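# Geometric and topological summary
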Amino acid sequence: MDELDTYARAAARLGRLEIDDAWWPGVLRHLGVLCDNAALVEAVPIALTDAAAPPTVAARPTAADPPAEGSS
Amino acid sequence: MTPAVDDALGIAAQVRAGDLSALAATERALAAISAGDDAINSFTTVVADRALADARRVDDLLAAGKDPGPLAGAPFAVKNLFDVAGEVTVAGSKISAEDPPAKADAEAVRRLSAAGAVLIGMLNMDEYAYGFTTENAHYGACRNPFDLTRVAGGSSGGSGAAVAAGFVPLTLGSDTNGSVRVPAALCGVFSLKPTYGRLSCHGMLPFCDTLDVVGSFAASVRDLAVSFDLLHGHDPRDRLSDDRPREAPPDLDGGLDGLRIAVAGGYFARGGTPEALDAVSALAEALGVSEPVEIPHAAEARAAAMVITAAEGAQLHLESLRTRPGDFDPMTRDRFLAGALAPARAYLQAQDFRRWFRARMRALFETVDVILAPATPFPAPIVGQREAVVDDTTVLTQPYLGVYTQPISFAGLPVLTIPVATVDGLPLGVQLIAAHNADATLLRVAADLERRGLARPAEAVTPWR
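Computed from a predicted structure; not experimentally measured.

About the thresholds
- Residues numbered from 1 in each chain as written.
- Chains lettered and ligands numbered in written order.
- Predicted model: local features only at pLDDT ≥ 70, side-chain atom pairs only at ≥ 80, totals over all residues.
- Helix = DSSP H or I, 4+ residues; strand = E, 2+ residues; numbered from the N terminus.
- Buried ≥ 20, exposed ≤ 12 C-beta atoms within 10 Å, placed from the backbone.
- pLDDT = per-residue confidence, 0-100.
- Expected span 1.5 Å × (residues − 1).
- Contact = placed C-beta atoms within 7 Å.
- Pairing = 2+ DSSP bridges.
- Axes fitted to C-alpha atoms, helices over the stretch in contact; angles between N-to-C directions.
- Parallel < 35°, antiparallel > 145°, perpendicular 65-115°, else oblique.
- Nonpolar A, V, L, I, M, F, W, Y, C, P; charged D, E, K, R; others polar.
- Left-handed = near helix turned anticlockwise from the far one by under 90°.
- Core = buried A, V, L, I, M, F, W, Y, C linked by C-beta atoms within 7 Å.

## What about the overall build of chain A?
When helices and strands are tallied, chain A shows two helices and zero strands. Out of the 72 residues belonging to chain A, those deemed buried represent 19%.

## A closer look at the confidence of the model for chain B
When pLDDT is averaged across chain B, the result is 96; 98% of the residues are at 70 or more. Confidence estimates for the predicted assembly give a pTM of 0.94 and an ipTM of 0.92.

## Quick notes on helix α11 (residues 330-341) of chain B
Residues three or four positions apart in an α-helix share a direction because the helix packs 3.6 residues into each turn. For α11(B), spanning twelve residues, the distance from its first C-alpha to its last is 17 Å, which sits close to the expected 16 Å at 1.5 Å a residue. A large share of α11(B) lies buried, amounting to ten of its twelve residues. For α11(B), every residue scored as buried is listed here: T332(B), R333(B), D334(B), R335(B), F336(B), L337(B), A338(B), G339(B), A340(B) and L341(B). Turning to α11(B), the residues buried within the fold contact α1 (2-14) and α2 (24-42) of chain A together with α9 (298-316) and α10 (318-323) of chain B.

## Topic: the environment of Q398(B)
Residue and element names in this part refer to chain B. Topologically, Q398 is positioned in helix α13 (residues 397-400). For the pair Q398 and F190, spaced 208 residues apart in sequence, the C-alpha separation works out to 22 Å. Setting aside its immediate chain neighbours within four residues, Q398 contacts G131, F132 and T133.

## Structural notes on the confidence of the model for chain A
Chain-level statistics for chain A give a pLDDT mean of 77 and a share of 64% at 70 or above. Below pLDDT 50 for its whole length, residues 52-72 of chain A participates in 42 contacts with residues either more than four positions away or in separate chains.

## Overview of the sheet that holds strand β8 (residues 170-175) of chain B
Residue and element names in this part refer to chain B. The eleven strands are arranged β1-β3-β2-β8-β10-β9-β16-β17-β13-β11-β12 in an open sheet whose pairing can be described as mixed. The open sheet is flanked by β1 (43-46) and β12 (292-293), the only strands paired with a single partner. As defined by bridge partners, β1 adjoins strand β3 (residues 118-123) across three bridges and the pair is classed as antiparallel. Looking across to β3, one finds that T45 is bridged to M122.

## So, the packing of α9(B) against α11(B)
Residues and elements named next belong to chain B. Packing of α9 against α11 leaves a shortest axis separation of 7 Å and a crossing angle of 95 degrees. Here α11 runs roughly perpendicular to α9, going by the angle between their axes. On α11, the residues touching A310, A311, G313 and A314 of α9 are R335, F336, A338, G339 and A340. Split into classes, the residues belonging to the contact of α9 with α11 amount to six nonpolar, two polar and one charged.

## Focus on unusual backbone geometry
Residue and element names in this part refer to chain B. Omega for the peptide link from G154 to S155 comes to 10 degrees, which places this bond in the cis form. Positive phi values are uncommon outside glycine, yet D392 reaches one of about 65 degrees. One can find D392 in the loop between β14 (387-390) and β15 (393-396). Residue D392 is classed as exposed on the basis of its C-beta count, with 5 C-beta atoms lying within 10 Å. Its identity as a non-glycine residue notwithstanding, D424 has a phi of 50 degrees, on the positive side. Topologically, D424 is positioned in the loop between β16 (415-423) and β17 (426-434).

## Details of the pairing of β14(B)
Residues and elements named next belong to chain B. The sheet contact formed by β14 and β15 spans four bridges and is antiparallel. From the neighbouring strand, E387 faces β15, where its bridge partner is L396. From the end of β14 to the start of β15, which pair antiparallel, there are two residues, and D391 there has a positive phi angle of about 50 degrees.

## Here we look at the packing of α2(A) against α9(B)
For the pair α2(A) and α9(B), the least separation of the axes is 8 Å and the interaxial angle reads 130 degrees. Taken together, the axes of α2(A) and α9(B) are oblique relative to one another. You can see that α2(A) and α9(B) cross each other, and the crossing is left-handed. Here α2(A) contributes L34(A), N37(A), A38(A), L40(A) and V41(A) to the contact with α9(B), which in turn contributes A299(B), E300(B), A303(B), A304(B), M306(B), V307(B) and A310(B).

## Concerning the environment of A104(B)
All names here are of chain B. Its location among the elements puts A104 in the loop between β2 (75-79) and α4 (107-114). Take A104: there are 19 C-beta atoms within 10 Å of it, and that puts it in the partly exposed class. Along the sequence, A104 and E87 sit 17 residues apart, while their C-alpha atoms lie 9.2 Å from each other.

## With respect to α1(A)
Its 13 residues give α1(A) an end-to-end C-alpha distance of 18 Å, which sits within 8% of 18 Å, the value for a rise of 1.5 Å per residue. Note on α1(A): the residue one or two positions beyond its end, R16(A), has a positive phi of about 55 degrees.

## Section: the nonpolar core
All names here are of chain B. Counting residues in each nonpolar core, the largest one holds 175 residues, and the members touching the most others are V307, L432, L443 and A446. With eleven residues, the single largest contributor to this core is α9. Here A446 is in contact with F190, V221, L416, I418, L432 and A455, once residues within four sequence places are set aside.

## Some words on the environment of A48(B)
When you line up the elements, A48(B) lands in helix α3 (residues 48-63). C-alpha of A48(B) to C-alpha of L341(B): the two residues are 293 residues apart in sequence and 43 Å apart in space.

Next comes the structure, spelled out in structure tokens:
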């Protein structure tokens, strides 16, 4: 937990996140779950050739944005 | 089994035949909400003026001999993360409540309205769609119409509860990890989470772009089918919208002939209460399905989904997390903050695994057409219940509700949830899962199960109906 706490506080500084002292236990618990989940995923021996394409992450426009011409 | 006459298409048929005015149908929905929703808390906004104006427009079109559309006068409502022109898209949050009103309807709202449906209001949800119970610190918990001491599920809890309560026959929600399927199962109604990318998310506040889909809740399969038919198809304003051509309306009379149906084993055959697992077994037995199939690495798929969701969700709300973290619902704040702190490697690795997992699911569906799996590990928990015991193991109630839904949406597969049973008066659902873009197959199967009486909405005590 000390290692996680040290990492998390450094990551919070890097991300310019000010986390209230009262919230840290909950944040660390959830971060610990994410780390456990990441370790579970990492343990699966996937072939790199199966996963070479970059992930697609793009923000969707909202309805407030003007529609593209000719769109439905 | 004949669909209920008061499903959306049933109301539209009455309106088109002149047996019921759209105005009367709208007033009936508004009266039911007024009478019953103080107890359930499914609506955050009721747009009565718009609804009455839209209803009069439908009646005027009919009086003029024009066709108002297949959903003429049918009331519907949407999760409060779909833009509705003139209304603030609150998304279950205090922060977004300060946003200006939306300038236009979300594409899904626009399409249903253009088909003659009458928007009644916007529905309660977990803050920013991050949860499975709709226990919202800002707007209150949405209660289950079958037992007001219990949750409706989430994050689209209002969408499930409003249909189960009989306020409106058709609602929209969003599903990222199970947010349509969980409340549908706990509220005893049908739902469709389509294949990722098939429905436009334009004008819907995102939670996790690489997982979000628009889903429908209904009291009949034919309502799900007409909703899918109206809503699917490419939208160039949604960059993640699939450019597949539109399909013909789903064939609901095709039956099960020629379909290979299996039941999910392994991960999906354990970890739930006996009642939840028995609901699947009973359906499988009724269909003569005995062969289990293994969905490989389901636990890891759920784990990766949680990493991706936390990371993408945190990135989306990063500015608010930096400037006003105290205004988040405590239930979501800690998880968003944890997502903001998660190392990039964890996220990228989860996305790599996802492509690998999706390929394996494609291979699996070369051998089977539809897989049956439980929708939730147990019926609706009590509001405020933090833990549950399953298989002699104590689990956290809220996240564990997604144990069977998360691995499936992680692969982007379509899922239709059917109501199959009640335990001590509480509904349970089963997931019907198909290959990518086989949404129509699910509608065909569900329609057959509905006709046979194997799938039917549970009946809540709704004195306001």
